[in-house]
Amino acid sequence: MRVLIVEDEPYLAEAIRDGLRLEAIAADIAGDGHTALELLGVNTYDIAVLDRDVPGPSGDEIAAHIVASGSGMPILMLTAADRLDDKASGFGLGADDYLTKPFALRELALRLRALDRRRAHNRPPVREIAGLRLDPFRREVYRHGRYVALTRKQFAVLEVLVAAEGGVVSAEEVLERAWDENADPFTNAVRITVSALRKRLGEPWIIATVPGTGYRIDTGPGAGPEGPEGEERG
């Protein structure tokens, strides 16, 4: 298990990290909200442990960011505020558990393991198609056993295409499902992202362009006649 500890008291943060290490739980530390958001953007965590009162974006704002991302990552609020109203507001923001300071490291470890067990029951299924293996929970993609590093947007587009199970998905639908509601409907972002995604996945090209219609995962033996810029020729 790998967790993110967002705590601005260095000695406490390091004590938590060292204590969890003895429980075979890996932990990264973020001393402020900005660092926390950066780490969440580049790493995959099983659980976030948030102090509500940290510099920069607060623990509450970080919790809102995690919930909005749709990752399903459990959140444990760790704070000195022990009033019932404080706990109620924390749960209202999306927290799954709440632990007040001071606390025993053993109790924190027990709560983290309980959250991890619950999370395991709610994991979205791993999808496999045409040699691709896409794990939506861990945000990992493999092609014929080879790990493929993707950006968040590339992963989101691939997730939409894989979910169609070889069916055609229009560019409009990809835009609607992989971008936010403010996306420009006339943008060429989908074409550019699909082109970059093809390059990341490598040959033989597995994303086929259906001229005038959209894109699909090519499940045939000779996947994809189109090259990285195939959609421009279709």
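Residues numbered from 1 in each chain as written. Predicted model: local features only at pLDDT ≥ 70, side-chain atom pairs only at ≥ 80, totals over all residues. Heavy atoms only, no water.

## Thoughts on the pattern of salt bridges
Between side chains of opposite charge, a pair can form when the charged atoms approach closely.
Then, in step 1: Tallied over the entire structure, the rule returns eleven salt bridges.
Then, in step 2: One salt bridge connects D51 with K101, and the closest N-O pair in it is separated by 3.0 Å. Placement of D51 in the loop between β3 (47-50) and α3 (59-69) and of K101 in the loop between β5 (97-100) and α5 (105-121) is noted, with a sequence separation of 50 residues between them.
Then, in step 3: For D51, a relative accessible area of 5% puts it in the buried group.
Then, in step 4: For R111, the salt bridge identified is with D97, shortest N-O distance 2.8 Å. Taken as a pair, R111 in helix α5 and D97 in strand β5 lie far apart in primary sequence, 14 residues in all.
Then, in step 5: Looking at R111, the relative accessible area reads 25%, which means it is partly exposed.
Then, in step 6: Accessibility expressed as a relative area gives 12% for D97, which makes it buried.
Then, in step 7: Within this structure, E7, D51 and K101 form a network of salt bridges that share partners. (Salt bridge = Lys/Arg side-chain N within 4 Å of Asp/Glu carboxyl O. Helix = DSSP H or I, 4+ residues; strand = E, 2+ residues; numbered from the N terminus. Buried < 20%, exposed > 50% of the residue type's maximum accessible area, 1.4 Å probe, protein only.)

## Quick word on the environment of R52
Then, in step 1: Checked against the element boundaries, R52 lands in the loop between β3 and α3.
Then, in step 2: In this structure, the C-alpha to C-alpha distance between R52 and G33, residues 19 residues apart in sequence, is 9.7 Å.
Then, in step 3: Among the polar contacts made by the side chain of R52, one reaches the side chain of Y98 at a distance of 3.1 Å. (Polar contact = N/O pair within 3.5 Å; in protein donor to acceptor, adjacent residues only side chain to side chain.)

## Notes on the UniProt feature "modified residue: 4-aspartylphosphate" (unreviewed entry) in the protein
Then, in step 1: UniProt annotation of "modified residue: 4-aspartylphosphate" (unreviewed entry) refers to D51 when read in the numbering used here.
Then, in step 2: Apart from residues lying up to four places away in sequence, D51 is in contact with V6, E7, D8, G59, L78, T79 and K101. (UniProt positions renumbered as here; feature names shortened; annotations may be inferred. Contact = heavy atoms within 4.5 Å.)

## Focus: the sheet that holds strand β2 (residues 26-30)
Then, in step 1: Taken together, five strands build an open sheet; the order of strands is β2-β1-β3-β4-β5 and the sheet is parallel. Bordering the open sheet on either side are β2 and β5, each of which pairs with just one other strand. In this sheet, adjacent strand axes meet at a mean angle of 20 degrees when their direction is disregarded.
Then, in step 2: Where β3 and strand β4 (residues 75-79) come together, three bridges link them in parallel fashion. (Pairing = 2+ DSSP bridges. Axes fitted to C-alpha atoms, helices over the stretch in contact; angles between N-to-C directions.)

## Some words on the sheet that holds strand β9 (residues 146-148)
Then, in step 1: Pairing within the open sheet is antiparallel, and its four strands lie in the order β6-β7-β8-β9. If you trace the sheet from one side to the other, it starts and ends with β6 (127-129) and β9, each paired once. Taken pair by pair, the neighbouring strands of this sheet meet at an average axis angle of 25 degrees, ignoring direction.
Then, in step 2: Of the pairings in the sheet, the one linking strand β8 (residues 140-143) to β9 comprises three bridges and is antiparallel in character. What sits directly across from Y142, in β9, is Y147.
Then, in step 3: Of the strands in this sheet, β7 (132-135), β8 and β9 are in contact with helix α8 (residues 189-201), which crosses β9 at around 155 degrees.

## So, the nonpolar core
Then, in step 1: Among the nonpolar cores identified, the biggest contains 26 residues, and L132, L158, L201, I207 and I217 are the most heavily contacted of them.
Then, in step 2: Elements represented by at least two residues in this core include exactly β7, α6 (152-163), α7 (171-178), α8 and β11 (214-217).
Then, in step 3: If one sorts the elements of this core by residue count, α6 sits on top with seven residues.
Then, in step 4: Beyond its immediate chain neighbours, meaning those up to four positions away, I217 contacts I129, A130, L132, L158, L161, V162, G166, I206 and I207.
Then, in step 5: A30, L40, M73 and M77 belong to the second-largest nonpolar core, a separate cluster that totals 18 residues. (Core = buried A, V, L, I, M, F, W, Y, C linked by side-chain atoms within 4.5 Å.)

## Quick notes on the pairing of strand β1 (residues 2-6)
In the case of a regular strand, side chains alternate between the two sheet surfaces.
Then, in step 1: Most of β1 sits inside the fold, with four of its five residues counted as buried.
Then, in step 2: Relative to β2, β1 is paired through five bridges, and the arrangement is parallel. Opposite V3, over in β2, you have A27 as the bridge partner.

## Digging into the packing of helix α2 (residues 33-42) against α3
Then, in step 1: Where α2 meets α3, the axes come as close as 10 Å, and the angle between the chain directions of the two elements is 20 degrees. In terms of orientation, α2 and α3 fall into the roughly parallel class. By crossing handedness, the relation of α2 to α3 is classed as right-handed. Only I62, H65 and I66 of α3 make contact with α2, whose side of the interface consists of G33, A36, L37 and L40.
Then, in step 2: When grouped by side-chain class, the residues that make up the contact of α2 with α3 number five nonpolar, two polar and no charged. (Parallel < 35°, antiparallel > 145°, perpendicular 65-115°, else oblique. Left-handed = near helix turned anticlockwise from the far one by under 90°. Nonpolar A, V, L, I, M, F, W, Y, C, P; charged D, E, K, R; others polar.)

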